[in-house]
Amino acid sequence: MSRAVIVFPGRGAYTAAALGSLDAGHRFVREAEQLREQYGLPSLVELDRADRFDPQVHLQPAHSAPLTFLTSLLDAEKAGMDHDPVAVVGNSLGWYTALAATAALRFSDGFRLVQEVANLQQQRESREDHGGQVIYPLTDAAWRRNPALENAVTTALGAGDGEVFRSVDLGGYTVLAGSEAGVGRLLATLPPVTVGERRFPLRLALQGPDHGPLAEEVATAAASILVDLRWQAPDVTLIDGRGVRFTPWSTDPAQLAAYTLDEQLTTAYDFATSLRVALREYAPDVLILPGPGNSLGAICGQIIVAEGYHGVRSRSDFEAVQRSASPLVLSMRR
Amino acid sequence: MTFDRVAIVEAALDACLQAATPAPHRLAPGEPIRPGSSLTAHAAIQLFEDQLLSRALDVSARELKKSERSFYTISSAGHENDAVLGAQLRITDPAFLHYRSGGFMMARARQLPGSTPAFDTLLGIVASSDDPIAQGRHKVWGSRALWVPPQTSTIASHLPKAMGLAFSLARARRLGVHNDLPADSVVICSFGDASANHATALAAINTARYAVRTGLPMPILFVCEDNGTGISVPTPAGWIAETYGNQPGLRYLLADGALDDIWRIAAEAIAYTRGTRRPTFVHLPTIRLWGHAGSDAEHGYRSLAEIAATEASDPLVANARLLIETGAALPAQLRQLLRDTRDRIAAVAGEAIRRPRLETTQEVIAPMAPQHPRRVAARARSPLIRAPRRRESFGGSLPEEATHPNRRTLAGQINAALADELLRRPELIVFGEDVGRKGGVYNVTNGLQKRFGPGRVFDTLLDETSILGIAQGAAHIGLLPMPEIQYLAYVHNALDQIRGEAATLQFFSSDQFRNPMVLRLPGLAYQKGFGGHFHNDNSVGALRDIPGLVLAVPSRGEDAARMLRGVVGMAIEDGRIVVFLEPIALYHEKDLYTDGDGGWLTDYPPPPAVLLPGDVGVHDLDHRDLLIVSYANGLRLSLQAAKRLREHHGVRARVVDLRWLSPLPIEAVRKHAGDCGAVLVVDECRRTGGGVADAIVADLAEGGFETGGRRLRSVRAVDSFVPLGTATSAVLVGSDQIVAEGLAAVGERVRA
Ligand SMILES: Cc1ncc(C[n+]2csc(CCOP(=O)(O)OP(=O)(O)O)c2C)c(N)n1
Ligand SMILES: [Mg+2]
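(A) View of the site of ligand 1. Residue and element names in this part refer to chain B. Lining the immediate environment of ligand 1, one finds 17 residues, of which H98, Y99, S195, N227 and T229 sit closest. Contact distances for ligand 1 include 2.8 Å between an oxygen atom and a side-chain N or O atom of H98. Compared with its free state, where it exposes 580 Å², ligand 1 has 74% of that area covered by protein. Looking at side-chain class alone, the shell around ligand 1 contains 4 nonpolar, 11 polar and 2 charged residues.

This is the structure:
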């Protein structure tokens with residue numbers, strides 16, 4: 001079996017294309033539905049079966065987070081049958097999925113973690129000054145690093161008057177976050193660039209200022225609500241948003257809990273580093289992207305290119321490998 | 001009889017895990033591994049993971065060697081308990097490591113999120129240019145982020161600089177020199193049992209104790225990883241404990257026993273040294289598995305029974321048993337961990353061998369001797385000290401104001417230039433034997449300690465190895481050391497500290513670590529009052545032979561002051577190792593042609609005047625009959641000879657002072673040679689000593705200088721040690737000889 005690193009996506013992954021992903025009969029889905037009922041929240045299966053994707057509804061944190069979580073988890077279960085997972089990483093919310101997928105949290109605890117944090121984020125979202133995230137590219141269309149873009153980011157952060165911070169490092173893209181004023185400043189100061197058809201800087205819809213100081217309230221509340229989660233060592237090595245490894249053998253569950261409920265929420269999430277550690281230290285044959293959407297496909301490709309992994313040193317190398325009989329990145333849904 | 005000892009040891013570990021039975025109860029991750037121990041179950045398993053990783057890397061290196069894809073097979077196998085130190089020391093405690101430090105490195109890297117120690121190590125093993133520390137120039141244990149400067153394979157040669165860093169920590173802080181190390185950092189250096197006998201080890205440990213005795217802080221751990229053997233030579237039983245067990249000023253701790261005992265003793269050693277700022281000698285018994293290196297056929301000098309007995313005490317087997325017996329881990333878990341680790345390393349090795357290697361000469365030498373002449377020049381010129389402050393520092397009268405008839409000697413010029421540098425560069429320290437209170441054997445550092453204090457100008461103990469060790473260690477943390485070795489002859493006593501250590505650091509660390517220094521080195525011959533070889537040594541071949549080293553040799557005082565600023569700029573900006581060779585015989589010389597003419601006295605050129613490599617001294621630019629190329633004492637003799645050639649023979653000679661013997665200002669020499677009808681190189685060093693005459697004559701000859709009948713000649717000193725008294729003239733170059741050879745060089749062309 002091939003050595004696989006599983007890469008779980010963040011909350012934004014559940015988009016229109018993902019509708020109809022959930023298998024209502026799966027035990028995780030049934031358990032999730034029960035929990036949703038207890039929370040007094042609408043059924044995920046129904047949301048998933050809607051005729052059309054309504055961003056105002058589907059993108060709400062309290063819905064998109066568990067939808068993404070659940071879809072990814074079901075996919076990962078299937079992937080585990082054909083591949084040998086050697087390490088697991090996740091982007092942002094994907095970290096929670098990773099915890100559940102490796103049994104560091106049993107399903108219901110993983111679900112509660114996802115739902116509670118999403119609820120807190122949604123509450124914040126209803127406030128006037130809720131803040132948000134802005135994504136900006138660091139490479140050109142050929143995925144070559146462009147130092148001018150990095151400099152622009154540094155300048156914009158400097159001009160953000162303490163209201164902005166680095167939120168997620170995706171390698172080829174950076175996600176910045178801040179208060180409403182801060183986001184406004186980022187949008188105003190970052191020089192406009194177009195990559196493919198998309199224009200940047202781009203504000204991410206319904207995403208709050210996560211992974212930074214503005215998430216401290218959420219973290220404090222989550223920690224008190226979620227004291228009773230039962231943490232365990234994962235059954236496959238987890239690599240977190242700092243690049244720290246939690247192995248099945250030496251994990252202290254208390255440290256896993258402490259990281260998840262504090263640092264993970266309140267400091268920048270370095271997805272690029274987590275994937276780099278996975279590539280270098282676990283040398284997978286393939287990266288598996290479970291869950292909805294394929295937003296991480298290019299992101300992973302860019303990190304692979306930056307690493308020169310398997311000799312892949314450019315976007316065209318990557319695309320060639322992807323067309324070959326043994327692609328490096330397998331997206332389970334496109 | 002099988003010699004695949006790797007397979008045998010691997011199988012023994014498997015068998016142990018296969019046979020083990022779970023303990024009756026399990027330990028929680030945070031519980032001590034045994035009652036009262038500070039080692040928790042969770043930390044113990046982490047250590048074991050790191051140790052297995054190190055072991056798997058060793059196996060992989062040997063596996064890759066079979067297909068010639070690895071270039072290094074010295075293993076850490078059997079030494080993995082040093083991971084205990086890797087786990088407990090901080091990554092801001094500088095570590096100068098033995099070559100069997102896989103366990104230490106894996107454990108240390110764990111402290112740095114995002115680190116990738118297995119991959120990094122494999123890149124080194126396969127000599128890939130992606131290796132983050134040496135880029136494939138050597139397999140070293142090193143990391144900038146982990147504060148592990150890479151070490152060469154010369155055993156024990158890293159101890160003096162480790163000691164030097166420990167010596168310099170508090171001093172740097174007091175001088176306001178900032179670095180990334182917390183105030184309570186300690187230094188660790190590790191080495192083998194055979195290495196513990198080496199002169200450099202003894203020097204470093206002695207100097208550490210000397211520091212304690214003189215009341216100076218010396219926060220360093222000397223860790224002896226004792227496997228009982230140096231290649232094939234056994235260390236006598238008990239030797240390390242006997243030798244180091246009771247040395248005043250050195251705490252000795254035997255880190256023996258089970259993993260948790262070693263953990264406790266290591267903690268004690270670290271706490272003691274961190275708290276008291278005093279050195280500890282940690283004696284860590286280990287075993288050596290699989291011979292000295294992959295190529296070493298151990299069965300040639302040890303019986304199979306001995307080999308098997310060693311293998312039977314594999315620390316990984318012992319640690320696995322401990323984890324299982326204490327309930328920290330289940331046998332099945334450790335089996336899975338072992339399998340996972342081996343598979344993983346096999347896969348990572350597969351990726352590492354795809355990685356690129358250094359290809360071009362340019363790539364290989366890039367970090368060795370960076371050259372940024374513009375930045376160097378700017379650095380050498382600045383900062384400028386405001387006039388009132390400078391005047392105050394010089395006690396009211398500036399050195400440049402002392403003009404005729406009080407012009408300055410070479411010694412006086414260097415003294416003033418040192419004062420100016422000390423004044424404008426707070427990170428500069430000047431030290432060596434007798435340079436402090438006495439002000440140097442030749443008064444060159446006179447008064448500097450009084451003016452700048454013993455924190456910056458100080459006497460050291462009598463050991464060249466330690467002087468250079470202090471220089472390197474100080475330079476690692478941002479001080480700019482200007483050590484003095486009392487005479488050129490004595491640099492050979494410790495030459496490896498320059499050649500093998502200081503000069504290689506940028507090369508093996510891809511310029512991530514630097515240890516710039518300006519070594520002041522009085523030398524060369526022609527001393528009138530003080531004779532004999534050792535005070536008149538005239539060989540620079542050993543220094544010119546060091547890649548990247550800058551060898552500056554002033555002859556005239558005004559040059560010395562400006563060159564000193566130039567080399568300081570090179571050290572600061574490019575990290576260069578500079579030897580500033582000062583001709584002793586010219587230190588107090590006043591005259592050039594006749595007694596009392598004052599022709600060798602010069603005015604002081606105040607900052608920002610500088611000279612940089614390539615800048616040569618030219619006398620009589622309008623003369624073209626003959627070019628005399630020389631330096632140091634030879635320059636003065638050449639100027640005297642040139643005068644005679646002109647006055648008595650009508651030969652008009654231009655004289656060029658090389659000033660820089662490495663790198664040679666060869667462009668300038670070619671240019672002047674192109675102007676002149678003949679060339680005579682006057683080299684006061686030994687004829688076959690690898691001096692500059694060989695290099696210049698060869699270069700001009702290869703450039704076709706002699707075509708068209710132009711002559712190329714040289715005079716050099718005799719291949720001899722320098723004798724006492726008047727006999728010196730029988731071996732050294734004199735001005736008569738220069739005149740004669742000059743005439744021979746110009747031949748009939750001029751005289752006709
Ligand atoms: C100055 C010097 N001399 C000789 C050698 C060759 N050499 C390499 S390792 C070694 C033996 C070292 O034994 P020990 O210090 O006990 O370390 P071990 O290899 O046993 O860990 C020798 C002689 C060297 N590297 N450096
Ligand atoms: Mg030994």
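After that view of the structure, there is still more to cover.
(B) Inspection of the pattern of salt bridges at higher detail. Within this structure, the stated rule accounts for 65 salt bridges over all chains. The residue E217 of chain A makes a salt bridge to R127 of chain A at a minimum N-O spacing of 2.9 Å. Remark: R127 of chain A occurs in the loop between helix 6 (107-125) and strand 3 (132-137) and E217 of chain A occurs in helix 9 (residues 216-225); sequence separation between them is 90 residues. Taking relative accessible area as the criterion, E217 of chain A reaches 54% and is therefore assigned exposed. D184 of chain B is paired through a salt bridge with R90 of chain B; the nearest N and O atoms lie 2.8 Å apart. Residue D184 of chain B is found in the loop between helix 6 (159-174) and strand 2 (187-192), and its partner R90 of chain B is found in the loop between helix 3 (83-88) and strand 1 (95-96); the two are separated by 94 residues along the sequence.

(C) Representation of the interface of chain A and chain B. Across the boundary between the two partners, chain A contributes 24 residues, which contact 26 residues of chain B. Contact between chain A and chain B buries roughly 2200 Å² in total, counting both sides, with carbon and sulfur atoms accounting for 51%. Joining chain A to chain B, the criterion identifies 1 salt bridge. Of the charged contacts in the structure, one is a salt bridge between R344 of chain B and E281 of chain A, with a shortest N-O distance of 3.4 Å. Counting across the chain A and chain B interface gives 15 residue pairs in polar contact (both at pLDDT 80 or more).

(D) Structural context of the domain arrangement of chain B. All names here are of chain B. Structurally, chain B comprises domain 1 (5-355), domain 2 (373-586) and domain 3 (617-746). With 39 residues of domain 1 at the contact, the number on the domain 2 side is 32 residues. Across the domain 1/domain 2 interface, buried area totals approximately 2800 Å², and carbon plus sulfur atoms make up 67% of it. Counting across the domain 1 and domain 2 interface gives 1 salt bridge. With a closest N to O distance of 2.8 Å, K161 and E501 form a salt bridge. For the interface between domain 1 and domain 2, the tally reads 14 residue pairs in polar contact (both at pLDDT 80 or more). When contributions to the side of domain 1 that touches domain 2 are tallied by element, the ones reaching two or more residues are helix 6 and helix 7 (199-213).

(E) Up close: the domain arrangement of chain A. Residue and element names in this part refer to chain A. Entries for chain A in the domain assignment read domain 1 (2-126 + 214-331) and domain 2 (132-207). For domain 1 and domain 2, the distance between their C-alpha centres works out to 23 Å. With 22 residues of domain 1 at the contact, the number on the domain 2 side is 18 residues. When the area that domain 1 buries against domain 2 is broken down by residue, the three leading residues are L214, Q302 and R315, summing to 35%. Counting every contact that joins domain 1 to domain 2 gives 0 salt bridges. Looking at the side of domain 1 that touches domain 2, the elements with two or more residues in it are strand 11 (269-270), helix 11 (271-282), helix 12 (295-307) and helix 13 (315-323). Ranked by the residues each element gives to the side of domain 1 that touches domain 2, the list is headed by helix 12, at 6 residues. Along the lines of polarity and charge, the residues of the side of domain 1 that touches domain 2 split into 13 nonpolar, 5 polar and 4 charged.

(F) Examining unusual backbone geometry more closely. Cis geometry is adopted by the peptide bond preceding P201 of chain A, which originates at F200 of chain A and carries an omega value of 0°. Among the secondary structure elements, P201 of chain A is positioned in the loop between strand 7 (198-200) and strand 8 (202-203). Despite not being glycine, Q135 of chain B shows a phi value in the positive range, around 55°. Its place among the elements puts Q135 of chain B in the loop between helix 5 (117-125) and helix 6. When its relative accessible area of 27% is taken as the criterion, Q135 of chain B is described as partly exposed. In this model, Y526 of chain B sits at a positive phi of 80°, which is unusual for a non-glycine residue. Relative to the elements of secondary structure, Y526 of chain B occurs in the loop between strand 11 (517-523) and helix 22 (541-544). Residue classification places Y526 of chain B among the partly exposed positions, given a relative accessible area of 21%.

(G) Main features of the nonpolar core. Grouped together as the largest cluster of nonpolar side chains are 176 residues, with contacts concentrated most on V7, L99, L113, F271 and L287 of chain A. No other element matches helix 2 (residues 41-66) of chain B, which puts 12 residues into this core. Setting aside residues no more than four positions away along its own chain, V7 of chain A makes contact with V89, F271, L275, L287, I288, L289, P290, L296 and C300 of chain A.

What counts, and at which threshold
Residues numbered from 1 in each chain as written. Chains lettered and ligands numbered in written order. Predicted model: local features only at pLDDT ≥ 70, side-chain atom pairs only at ≥ 80, totals over all residues. Heavy atoms only, no water. Near = heavy atom within 4 Å. Polar contact = N/O pair within 3.5 Å; in protein donor to acceptor, adjacent residues only side chain to side chain. Areas by Shrake-Rupley, 256 points an atom, 1.4 Å probe, with all protein chains shown as cover. Nonpolar A, V, L, I, M, F, W, Y, C, P; charged D, E, K, R; others polar. Salt bridge = Lys/Arg side-chain N within 4 Å of Asp/Glu carboxyl O. Helix = DSSP H or I, 4+ residues; strand = E, 2+ residues; numbered from the N terminus. Buried < 20%, exposed > 50% of the residue type's maximum accessible area, 1.4 Å probe, protein only. Contact = heavy atoms within 4.5 Å. Buried area = accessible area lost by both parts, 1.4 Å probe. Domains from an automatic or database assignment. Core = buried A, V, L, I, M, F, W, Y, C linked by side-chain atoms within 4.5 Å.

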